[in-house]
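Below are the chains, spelled out letter by letter.
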Amino acid sequence: MDSSPIQSWEQFTSAGTGAIYTFFDSPLVIKGICLLVLAAVVWFIASSYRFEGRGRDRSDS
Amino acid sequence: MSPDDAKLFADKTIETFYFWTGVLMWLIHAGFMAYEAGITRRKNVLMTMMKNLLTCAVVTPTFFLFGWWIYYAFPHGLVPVATEAANAALPWSAHMGPNLQDNLTGVFWFAFLLFSFTTASIMSGAVIERIHLGAYLLLAAVLGSVVWILAASWGWSESGWLYTKFGFHDWGAGGCVHTVAAFFTLGVLLNLGPRLGKYDAAGKPQVILPHNLPLTMLGLMLIFTGFYAFYAACAVLQPGGPWLSIYLTPMTLSSIAFTVTMGFAGGVMGAFLASRGEPYWTISGGLAGMIAIASGIDVYHPGLGYLIGFAGGMIAVYLGNFLERRGIDDAAGAFAVHGGGGMWSMLALGIFAGGYPQHDQFTSLSAQLLGMAVMVSLGFVPGYLLSFVLKKKNLLRVSKEDELLGLDLAELGIQGVVPDGAVIHANN
């Protein structure tokens, strides 16, 4: 997947070049990535409640 | 400031930077020692820690004698070249010792030596509790001072053929350090076999409980800390210009702060979810996450780094369980974390970061796939063959009696963890 905002070696090494990160030229993709990060954090926190009782369940059985 | 003074100041700045990254990388080895001491059983604690200590001792002189030279002598394949840089890396050159005209060779060698310690140490946890010390040290010297540095010469250098001909990109050594070490380890594990008691009569895996999981977790925190220095040492400090990658592409040190930390967080969360909150795998997932982002630390958006680390943490858990079911007893999860993380690292760069200029080439999925094949082969083949020969000569594994007694008593004659109140009679 071509995600580079840099197209040439000259541009890469130019003193005026700024952000070089993946998908910098595609703001919608970056926003989608941030949304996925948020979804993963929510999933993680919700799951942490589910896993809390595991040891107790195991000792009960 | 005169040009001579400016050059001296620049050299001293670079010298200071790499000296301290090397010092801080020792934390990785304090961490490996604590990590492995925690997962082993009480009867093997001291021997396990000795093995970590001796890894550093055996890799240092061998890396001085030929490891550093290999890095400069084999950029084009298996035939050495006699370039000025290669000749300067020979142990009898004017650069390989105190030299008032060369501040830098020693600190660069030191940083690479610490990378070598890391590579050899990746194997050490997987083989604990049953490998002969001599066999382990031979394997560690070959992995730490020959195999990985040959891979680095090919794929982790601005003159290596994987980079110059194909545009392979592996910024933080997910390939030449983690993947090579993991596949070398896999080759050794296939010949070494599982610990006694790891599998029941029906072949079902048993969990051999760590004797001190908190120590293991502390060890991993030290490894995390040391890995920032590891990654900082992967960057090329260039006074008067931008930081450069080892391929001499421009980058920032900030990218390490962003991406490594996000990758760590993603790895912890991914492993937590995949293992259903199991502490050992959760914290190991942090390391898998930090490895998963290695190849593209210089270019990833931090959010992408998090997601790649998240997947890396999950991969480590699933891969570890898969290996265990296949009868491969990797006591430290080394293959799962370093092999899974390292392979995913190279692949993810090909998937998510194509199109970056690499001098005459561009980053691409095909270059990454080629690099993966090379790193896997270069690690697995020597690890398997050398351990196979050692096994045939009955030099690879300790006796059943020694394994049951524990290596602390069998090989060292003392216990590392002594019960309270235990005494022995003094000789005098």
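Here's a quick rundown of the structure.

What counts and what doesn't
- Residues numbered from 1 in each chain as written.
- Chains lettered and ligands numbered in written order.
- Predicted model: local features only at pLDDT ≥ 70, side-chain atom pairs only at ≥ 80, totals over all residues.
- Heavy atoms only, no water.
- Helix = DSSP H or I, 4+ residues; strand = E, 2+ residues; numbered from the N terminus.
- Buried < 20%, exposed > 50% of the residue type's maximum accessible area, 1.4 Å probe, protein only.
- Contact = heavy atoms within 4.5 Å.
- Axes fitted to C-alpha atoms, helices over the stretch in contact; angles between N-to-C directions.
- Parallel < 35°, antiparallel > 145°, perpendicular 65-115°, else oblique.
- Left-handed = near helix turned anticlockwise from the far one by under 90°.
- Nonpolar A, V, L, I, M, F, W, Y, C, P; charged D, E, K, R; others polar.
- Buried area = accessible area lost by both parts, 1.4 Å probe.
- Salt bridge = Lys/Arg side-chain N within 4 Å of Asp/Glu carboxyl O.
- Polar contact = N/O pair within 3.5 Å; in protein donor to acceptor, adjacent residues only side chain to side chain.
- Phe/Tyr/Trp six-rings, centres within 6.5 Å; stacked < 30°, edge-to-face > 60°.

**Some thoughts on the side chain of His-178 of chain B**
Residues and elements named next belong to chain B.
So, step 1. If you trace the backbone, His-178 turns up in helix α7 (residues 174-192).
So, step 2. Its relative accessible area of 0% is what places His-178 among the buried residues.
So, step 3. In this structure His-178 touches Ile-122, Ala-173, Phe-227, Ile-291, His-338, Gly-339 and Gly-342, once residues within four positions along its chain are discounted.

**Focus: the packing of helix α4 (residues 105-126) of chain B against helix α5 (residues 133-155) of chain B**
Residues and elements named next belong to chain B.
So, step 1. The geometry of α4 relative to α5 is characterised by a closest axis approach of 9 Å and an angle of 130° between their N-to-C directions. For the element pair α4 / α5, the angle class is oblique. For α4 against α5, the interelement crossing comes out right-handed. Contact residues: α4 offers Phe-112, Phe-115, Ser-116, Thr-119, Ala-120, Met-123 and Ser-124, while α5 offers Tyr-136, Leu-139, Ala-140, Leu-143, Gly-144, Trp-148 and Ile-149.
So, step 2. Among the residues forming the contact of α4 with α5, the class breakdown is 10 nonpolar, four polar and no charged.

**Structural notes on the interface of chain A and chain B**
Buried accessible area, meaning the area lost when the parts come together, often serves as the stated size of an interface.
So, step 1. Contacts between the two partners involve 29 residues from chain A and, on the opposite side, 31 residues from chain B.
So, step 2. Each partner contributes to the roughly 2,500 Å² buried at the junction of chain A and chain B, and carbon and sulfur atoms together form 73% of this total.
So, step 3. On the chain A side of the interface with chain B, the three residues burying the most area are Trp-9, Phe-44 and Phe-51 of chain A, jointly 25% of the side's total.
So, step 4. Joining chain A to chain B, the criterion identifies zero salt bridges.
So, step 5. Counting across the chain A and chain B interface gives nine residue pairs in polar contact (both at pLDDT 80 or more).
So, step 6. Breaking the side of chain A that touches chain B down by element, the ones donating at least two residues are α1 (9-12) and α2 (27-51) of chain A.
So, step 7. When residues of the side of chain A that touches chain B are assigned to their parent elements, the largest contribution, 13 residues, is made by α2 of chain A.

**With respect to the packing of aromatic side chains**
All names here are of chain B.
So, step 1. Following the criterion strictly, the structure yields 42 aromatic pairs over all chains and no others.
So, step 2. Ring plane angle 65° and centroid distance 5.2 Å describe the contact between Trp-68 and Phe-112, whose orientation is recorded as edge-to-face. Taken together, the residues Trp-68 in helix α2 (residues 45-73) and Phe-112 in helix α4 connect sequence positions 44 residues apart. Note on accessibility: Trp-68 and Phe-112 belong to one class, buried.
So, step 3. Each ring, one from Phe-227 and one from Tyr-231, has its centre 5.7 Å from the other, and the planes form 55°; the classification is tilted.

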